[in-house]
Amino acid sequence: MAEDCPTQLIDGNGQFNVEGLENFTRTTGFINCGLSYAVVAVMGPQSSGKSTLLNHLFHTNFREMDAYKGRSQTTKGIWIAKCLGIEPFTVAVDLEGTDGRERGEEDTAFEKQSALFALAVADIVLINMWCHDIGREQAANKPLLKTVFQVMMRLFSPRKTKLLFVIRDKTKTPLEYLEPILREDIQKIWDAVPKPELHKNTPLREFFNVEVTALSSYEEKEMQFKEQVAELRQRFFHSISPGGLAGDRRGVIPASGFSFSAQQIWKVIKENKDLDLPAHKVMVATIRCEEIANEKLKHLAFDEAWLSLEEAVQAGTVSGFGKKLSSILETYVAEYDMEAIYFDDGVRNAKRQHLITKALDFVYPAYTTLLGHLRSRGFENFKTRLEQLLNRGEGFAASVRSCRQSCMLEFDRGCTDAAIRQASWDASKVPEKLIRDIDAHASSVRSAKLSEIIAKHEERLSAALTEPVGSLLEAGGSDTWASIRRLLHRETENAVSAFSASMVGFELDDSTIDRMVQSLRTHARNVVERKAREEAGNVLIRMKERFLTIFSHDNDSMPRLWTGNEDIRAITRNARNASLRLLSVMAAIRLDERPDKIENLLISLLMDGSIAVQSSQDRSIRTHTGPLASSTWEEVSPKDTLITPVQCKSLWRQFQTETEYTVTQAIAAQEAHRQSNNWLPPPWAIAAMLILGFNEFMMLLKNPLYLLVLFVAYLLSKALWVQMDIAGEFRHGPLAGLLSISSRFLPTVMNLLRRLAEEAQGQGRPTNEAPTAPQSLFSPSFKSQSQPQKVSSTTPESSVSSNLSSGDDGE
């Protein structure tokens, strides 16, 4: 649409052209004028030349009446156009003429509505009237002025409008004579118009600034008309300046809100309501400012700089976040201020604050995300720096303070960098959470370090105590527990001293350190007690080892050879006495230096014969069941008891049973050694030689068969001696030995004969196996001769048990 092409604002039926008005404001640039514009409306009787006046005055292109086609209505409704060449921007409003025959006498509603609309939107109202109607009672200007004044009363707190009466087709009567008459007519009409109670005595000048001008006839004096119009046109330049035609700018609506304002004014007028211009101004400002604010928020949501900044924040910290975001927000707030600057101050500022609030709410998640990144980075930096300082050997408490201070300073700088100038957000909870995280981590690391230090010292204590205590308990001497106590005190004090030195950097309070030291002392004691209980569980093994060590070795720790000169009874008693002392050492924990009578009680009751295992076949046991029948020791608390008296008695019985075979083997070895070292012939041989004499001896030598018979007889008797264990049978007494030999003689002989027969048959078979008769025949003697060698060494528990079982089978 061309700039000078008029636009119908309201048609003849009263329909408002919303799209046409918005198109007019955009294409003409009217929307960007702010308050620098003026609206000029023209009113007057039909066919009075209103459009012609506007076209010549403002170079518009309104449709004019064709005089050759008759006098009829040319302008229907309300039209607007841009006044060309006028500064500031001026809008011309051409109203439908009054008193037209097309609408008739009764249809004056549209005239009043259009007049009220012109008074509400126009800064200058041109009243176009014929010169010959001035002074006439029934002239066409009387209804027009009545209409103007009547509708003026419907404007609540109206602005002071410029009424410029343009007298058309001026006659020879000078203007200075016509103006007083016109003003007198205007005053009469004003006085006659009914007014509300509030304005009954209000003069006309409070509502209007009235001016009068006159123009020659356009048809008769066209050149003069154009000159006068050109002079009048000059008055519209800078019309909004103080003293200009539109100098009174009260209640003016900014150009960007003109379209909406005009729509609402016409809507109120159509509804036949009084028009409250101040309230209307506030309403227009409210709606328009809100539209501008929403538009800025929408643009902010799709702003490339903002989207880039938001994406960067999601990935991590952003340097200069606050400055960048503040700049973006300031841009849109400045644009809002520029577009809403001419609206009502109160409404504009309220909507401005609303815009800022909405914008801050929109960007707040990004701000909180950035603070989260700053908090996470500060927390990670704290953990890294603390670990580095601790690895360098710095004190824990000092390291925590240093790291926390540096990390909080960095965090505060980051928060300052992220702060937005338009916001006053309270970010105190974020550093508080960071401090809580740092303190929690420091507490966790401190607990871990303390646990590590405690565990290290406990491990050192365990290593320093376990083996030495086990060695001392295994030795089982009279001063075992005194040595253990000295060892425990020495190692505990060393550990406490080292532990206290390592606690200096933690800056713990005395009560906490004392509690930890006490825990370390308790651990040391528990190590000793645990090792003592472990050794007490193996006391029987230790007793047998002690017995075998002493029984099988002499004072120089050399293995004993049972040559027949040893006092086995005394050696056995010494070995058992040492084992019993070991049992007394293992019976209770003696870390509190309280004396007890366990050793004396065990020796008196167990070693002095009160409890003994007899060697008879029924193994009858006689015992005193006094002190050893109890489950507790006198002067020893139950928690320090390792082996109860009843358990000691049971262990001693088992110990005697399992060591008896070793003693028996030693006796047998001693006897065998004694016999093997006797170089004289047997007594029977000496007796035979004495009885038989020399002749018989020579006979045996001359007859080898006799010698062979004697040798076979010797082998058979030797086999019977070994198989029947005649020496062992006579140990229980002569009578018992004879009875046992007599009952076993015949079966043993039959067994030997059967084995000899089997061997003879085996030699007749073709086989690769070696004959086994001699080996089986002489194996008992080999066994008996090898026994001393076994006894002379330290015998383990398994071998002792096997020997004991084989001995029982032999019996």
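On a predicted model such as this, the values are computed, not experimentally measured, just so you know.

## A look at helix 12 (residues 396–418)
Argument step 1. Look at helix 12: 32 Å from first C-alpha to last across 23 residues, which is about the 33 Å you get at 1.5 Å a residue.
Argument step 2. Those residues of helix 12 that are buried lie in contact with helix 10 (321–340), helix 11 (345–391) and helix 13 (429–475).

## Topic: the packing of aromatic side chains
Argument step 1. Inspection of every chain in the model, using the stated rule, returns 18 aromatic pairs.
Argument step 2. Considering the side-chain rings of Phe 58 and Phe 236, the 4.8 Å spacing of their centres and the 80° angle between planes classify their relative orientation as edge-to-face. Of this pair, Phe 58 sits in helix 2 (residues 50–58) while Phe 236 sits in the loop between helix 6 (222–234) and helix 7 (258–270); the two residues are 178 residues apart in sequence, bridging distant segments of the chain. There is no split in this pair, since Phe 58 and Phe 236 are both buried.
Argument step 3. On the numbers, 5.6 Å between centres and 85° between planes, the contact of Phe 547 with Phe 655 is edge-to-face. Of this pair, Phe 547 sits in helix 16 (residues 539–552) while Phe 655 sits in helix 19 (residues 645–676), placing them 108 residues apart in sequence. The same class applies to Phe 547 and to Phe 655, which are both buried.
Argument step 4. These aromatic residues form a ring-pair network of at least three members: Phe 547, Phe 551, Trp 562, Trp 652 and Phe 655.

## Here's the deal with the pattern of salt bridges
Argument step 1. Counted by the stated rule, this structure contains 33 salt bridges.
Argument step 2. For Glu 291, the salt bridge goes to Arg 288, with nearest N and O atoms at 2.9 Å. Here Glu 291 and its partner Arg 288 are both found in helix 8 (residues 277–301), 3 residues apart, which amounts to about one turn of the helix.
Argument step 3. With relative accessibility at 13%, the residue Arg 288 sits in the buried group.
Argument step 4. Here Asp 592 makes a salt bridge to Arg 525, at a shortest N to O gap of 3.1 Å.

## Examining the nonpolar core
What tends to happen in soluble globular proteins is that the nonpolar side chains get buried as a cluster.
Argument step 1. Ranked by size, the top nonpolar core spans 102 residues in total, and within it Phe 321, Leu 465, Trp 481, Phe 551, Leu 583, Leu 602 and Ile 643 carry the most contacts.
Argument step 2. At 14 residues, helix 11 tops the list of elements feeding residues into this core.
Argument step 3. Those residues within four positions of Phe 321 in sequence are excluded, and the remaining contacts are Leu 309, Val 313, Ala 366, Tyr 367, Leu 370, Asp 417 and Ala 418.
Argument step 4. One finds Val 39, Leu 116, Leu 144 and Phe 165 within the second-largest nonpolar core, a separate group that totals 72 residues.

## Here's the deal with the pairing of strand 7 (residues 161–168)
Argument step 1. Among the 8 residues that make up strand 7, 8 are buried, leaving the element largely enclosed by the rest of the structure.
Argument step 2. Side-chain alternation along strand 7 places Thr 161, Leu 163, Phe 165 and Ile 167 on one buried face and Lys 162, Leu 164, Val 166 and Arg 168 on a second face that is also buried.
Argument step 3. In the sheet, strand 5 (residues 124–130) pairs with strand 7 via 7 bridges, with the strands oriented parallel. Among the inter-strand pairings, Leu 126 is bridged to a residue of strand 7, identified as Leu 164.
Argument step 4. With 7 bridges connecting them, strand 7 and strand 8 (residues 208–214) associate as parallel partners. Bridge pairing in strand 8 links Lys 162 to Asn 209.
Argument step 5. Note that the unit made of strand 7, helix 5 (residues 175–192) and strand 8 has a crossover that is right-handed.

## Concerning the sheet that holds strand 1 (residues 7–10)
Working definition: the strands of a sheet are paired by backbone hydrogen bonds and lie parallel or antiparallel to each other.
Argument step 1. Overall, mixed pairing links the 7 strands, which are arranged 1-3-4-2-5-7-8 in an open sheet. Strands at the two margins of the open sheet, each flanked by one partner only, are strand 1 and strand 8. Ignoring which end each strand starts from, the neighbouring axes of this sheet average 25° apart.
Argument step 2. For strand 2 (residues 37–43) and strand 5, the ladder comprises 4 bridges, and the chain directions are parallel. Bridged to Met 43 within strand 5 is Ile 127.

## Points about a nonpolar patch on the surface
Argument step 1. A contiguous nonpolar patch, built from Leu 705, Leu 708, Val 709, Phe 711, Val 712, Tyr 714, Leu 716, Phe 745, Leu 746, Met 750, Leu 753 and Leu 756 and spanning about 1200 Å² of accessible area, is present on the exposed surface.
Argument step 2. Secondary structure elements with two or more residues in the nonpolar patch: helix 21 (704–724) and helix 23 (734–764).
Argument step 3. By residue number, the principal contributor to the nonpolar patch is helix 21, which donates 7 residues.
Argument step 4. Of note, Leu 705 is situated in helix 21.

## Here's the deal with unusual backbone geometry
Argument step 1. Residue Glu 87 is joined to Pro 88 through a cis peptide bond whose omega torsion reads 0°.
Argument step 2. Along the polypeptide, Pro 88 turns up in the loop between strand 3 (78–82) and strand 4 (89–95).
Argument step 3. Phi angles above zero are rare outside glycine, and His 59 is one such case at about 60°.
Argument step 4. You can call His 59 partly exposed: its relative accessible area is 41%.

## Describing the environment of Gln 353
Argument step 1. One can find Gln 353 in helix 11.
Argument step 2. For Gln 353, a relative accessible area of 45% puts it in the partly exposed group.
Argument step 3. Sequence spacing of Gln 353 and Ala 293 is 60 residues, and the spatial spacing of their C-alpha atoms is 9.7 Å.

About the cut-offs
- Within every chain, residues take consecutive numbers counted from 1 along the sequence as written.
- Residues qualify for local features only when their pLDDT is at least 70, as the model is predicted, and side-chain atom pairs are given and counted only at 80 or more; totals for whole chains, interfaces and linings, by contrast, use all residues.
- Hydrogens are left out, water is left out, and the side-chain values use all remaining heavy atoms of the structure.
- By definition, any uninterrupted DSSP run of H or I lasting at least four residues is a helix, any uninterrupted run of E lasting at least two residues is a strand, and each is numbered from the N terminus.
- A helix is expected to reach a length of 1.5 Å times the quantity of its residues less one.
- Pairs of residues are marked as contacts when any of their non-hydrogen atoms sit within 4.5 Å.
- Aromatic rings from Phe, Tyr and Trp, with only the six-membered ring used for Trp, were paired whenever their centres fell within 6.5 Å, and each pair was classed as stacked if the ring planes differed by under 30 degrees, edge-to-face if by over 60, and tilted otherwise.
- The buried label goes to any residue with under 20% of its type's maximum accessible area, the exposed label to any with over 50%, and the partly exposed label to all in between, with areas taken from a 1.4 Å probe on protein chains only.
- Throughout this description, the term salt bridge denotes a Lys or Arg side-chain nitrogen within 4 Å of a carboxyl oxygen of Asp or Glu.
- The set of buried Ala, Val, Leu, Ile, Met, Phe, Trp, Tyr and Cys residues whose side-chain atoms join them within 4.5 Å is what this entry labels a nonpolar core.
- One requirement defines pairing of two strands: DSSP has to find at least two bridges between them.
- A clockwise path from the first strand over the helix to the second, with the strands pointing away from the viewer, defines a right-handed crossover.
- The axes are straight lines fitted to the C-alpha atoms, using for helices just the contacting stretch, and the angles between their N-to-C directions are given from 0 to 180°.
- Patch rule: a residue counts if its relative accessible area is over 30% and it has no salt bridge; like charges are joined within 9 Å, and nonpolar side chains (Val, Leu, Ile, Met, Phe, Trp, Tyr) within 5 Å.
- Surface accessibility in these figures is a Shrake-Rupley result with a 1.4 Å probe; residues are shielded only by whichever protein chains are displayed.

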